[in-house]
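# Structure at a glance
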Amino acid sequence: DGNGYRFVSRMLSVPATSSNFMNVTDILTLQTILVGDSGVGKTSLLVQFDQGKFIPGSFSATVGIGFTNKVVTVDNINVKLQIWDTAGQERFRSVTHAYYRDAQALLLLYDITSKSSFDNTRAWLTEIHEYAQNDVVIMLLGNKSDMISSRMVRRDEGERLAREYGVPFMETSAKTGVNVDLVFKAVAKELKHRAAQLPNEPKFHIHEFIQTQKKESSCCSFL
Ligand SMILES: Nc1nc2c(ncn2[C@@H]2O[C@H](COP(=O)(O)OP(=O)(O)OP(=O)(O)O)[C@@H](O)[C@H]2O)c(=O)[nH]1
């Protein structure tokens, strides 16, 4: 429909009852896109979310763009997340811009061990504002939170930047899986509530949800 949300109804061999109707027949398809500098861990985050695993030491930069479909259940509704994994390298930028427009959610990653990847989030945000929809859900993610001894960006710096951007923030680790499921769950919940708000359903607040659910690794206050 005009909102860019697609509902797919499947034929059922079992009769739909009021209790199973929403979660069996309706799939809400939502597009999410991962952006950020090359090497921040976009592909690794997606692999961890999709397959629950991390392949260490194998950095092969994404060429162009790829996608993964993953169904998550949110408030009894199956939400199909179509997650686009973009190449961080500059030379693929024009390819990936074309995908911003169709995204309902956009995850902007930096690497907590790389100050430049953090500084570059400003440039990424400028691109996002230029190419993405105005109401796109944006989340700022500081990835590689397991690499405590190499940390170059303090957690409070990430928090401050996210406040400035007016977007939710989390530190994640594609290696250990910390907060990875939560990222996608929060996105799916936010988008589901926007697309299908039931009459008596309380409003969903993504900032509060993340604040209460996220796990925080010990941060290096001496930095
Ligand atoms: N320790 C640690 N290493 C990570 C983490 N996430 C990614 N890595 C490593 O960082 C390197 C780059 O990860 P990728 O997932 O390929 O990065 P990318 O952002 O997809 O890179 P491009 O495809 O070039 O844009 C790989 O060697 C990963 O193993 C993490 O959370 N912790």
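Right above here is the structure, for reference.
Throughout what follows, the structure given in this document is the object of discussion. (Residues numbered from 1 in each chain as written. Predicted model: local features only at pLDDT ≥ 70, side-chain atom pairs only at ≥ 80, totals over all residues. Heavy atoms only, no water.)

## Looking at the overall build of the chain
- Looking only at helices and strands, the chain has 8 helices and 7 strands in total.
- By the burial criterion, 48% of the 223 residues in the chain qualify as buried.
- Here the chain has roughly 11300 Å² of accessible surface; of this, 52% comes from carbon and sulfur atoms. (Helix = DSSP H or I, 4+ residues; strand = E, 2+ residues; numbered from the N terminus. Buried < 20%, exposed > 50% of the residue type's maximum accessible area, 1.4 Å probe, protein only. Areas by Shrake-Rupley, 256 points an atom, 1.4 Å probe, with all protein chains shown as cover.)

## Some words on the packing of helix H7 (residues 180-195) against helix H8 (residues 206-213)
- As a packed pair, H7 and H8 sit with axes 10 Å apart at the nearest point and diverge in direction by 155 degrees. Compared by their axis directions, H7 and H8 come out roughly antiparallel. Between H7 and H8 lies a crossing of right-handed hand. Mapping the contact onto sequence places Leu182, Lys185, Ala186, Lys189 and Glu190 in H7 and Ile206, Phe209, Ile210 and Gln213 in H8.
- Considered class by class, the residues forming the contact of H7 with H8 number 5 nonpolar, 1 polar and 3 charged. (Axes fitted to C-alpha atoms, helices over the stretch in contact; angles between N-to-C directions. Parallel < 35°, antiparallel > 145°, perpendicular 65-115°, else oblique. Left-handed = near helix turned anticlockwise from the far one by under 90°. Contact = heavy atoms within 4.5 Å. Nonpolar A, V, L, I, M, F, W, Y, C, P; charged D, E, K, R; others polar.)

## Focus: the packing of aromatic side chains
- For the structure on display, the rule yields 7 aromatic pairs.
- Note on Phe49 and Phe184: the rings are 4.0 Å apart at their centroids and 15 degrees apart in plane angle, and the pair reads as stacked. Within this pair, whereas Phe49 is found in helix H2 (residues 42-51), its partner Phe184 is found in helix H7, the two being separated by 135 residues in sequence. Like Phe184, Phe49 is buried.
- Here Tyr110 and Phe169 contribute two aromatic rings whose centre-to-centre distance is 6.5 Å and whose plane-to-plane angle is 5 degrees, an arrangement assigned as stacked. Placement of Tyr110 in strand E5 (residues 105-111) and of Phe169 in strand E7 (residues 169-171) is noted, with a sequence separation of 59 residues between them. (Phe/Tyr/Trp six-rings, centres within 6.5 Å; stacked < 30°, edge-to-face > 60°.)

## Here's the deal with unusual backbone geometry
- Although it is not a glycine, Asp75 sits at a positive phi angle of roughly 45 degrees.
- With respect to the helices and strands, Asp75 occurs in the loop between strand E3 (65-74) and strand E4 (77-86).
- Of note, Asn179 is a non-glycine position whose phi angle comes to about 65 degrees, a positive value.
- Along the chain, Asn179 turns up in the loop between E7 and H7.
- Taking relative accessible area as the criterion, Asn179 reaches 8% and is therefore assigned buried.

## Focus on the site of the ligand
- Among the 24 residues in the neighbourhood of the ligand, the closest are listed as Ser38, Lys42, Ser44, Thr62 and Gly88.
- A distance of 2.9 Å separates an oxygen atom of the ligand from a polar backbone atom of Thr43.
- A distance of 2.7 Å is found between an oxygen atom of the ligand and a backbone nitrogen or oxygen belonging to Gly88.
- At 3 residues, the largest contribution of residues to the shell around the ligand is made by H2.
- Per-class residue counts for the shell around the ligand are 8 nonpolar, 11 polar and 5 charged. (Near = heavy atom within 4 Å. Polar contact = N/O pair within 3.5 Å; in protein donor to acceptor, adjacent residues only side chain to side chain.)

## Quick notes on the packing of helix H3 (residues 93-100) against helix H5 (residues 121-131)
- Running from N to C, H3 and H5 point in directions that differ by 50 degrees, and their axes come no closer than 9 Å. Here H3 lies oblique to H5, going by the angle between them. Crossing geometry of H3 relative to H5 is assigned as right-handed. Contact residues: Arg93, His97 and Tyr100 in H3; Trp124, Glu127, Ile128 and Tyr131 in H5.
- Class assignment of the residues belonging to the contact of H3 with H5 gives a composition of 4 nonpolar, 1 polar and 2 charged.

Everything listed is a geometric property; what it means functionally is a separate question.
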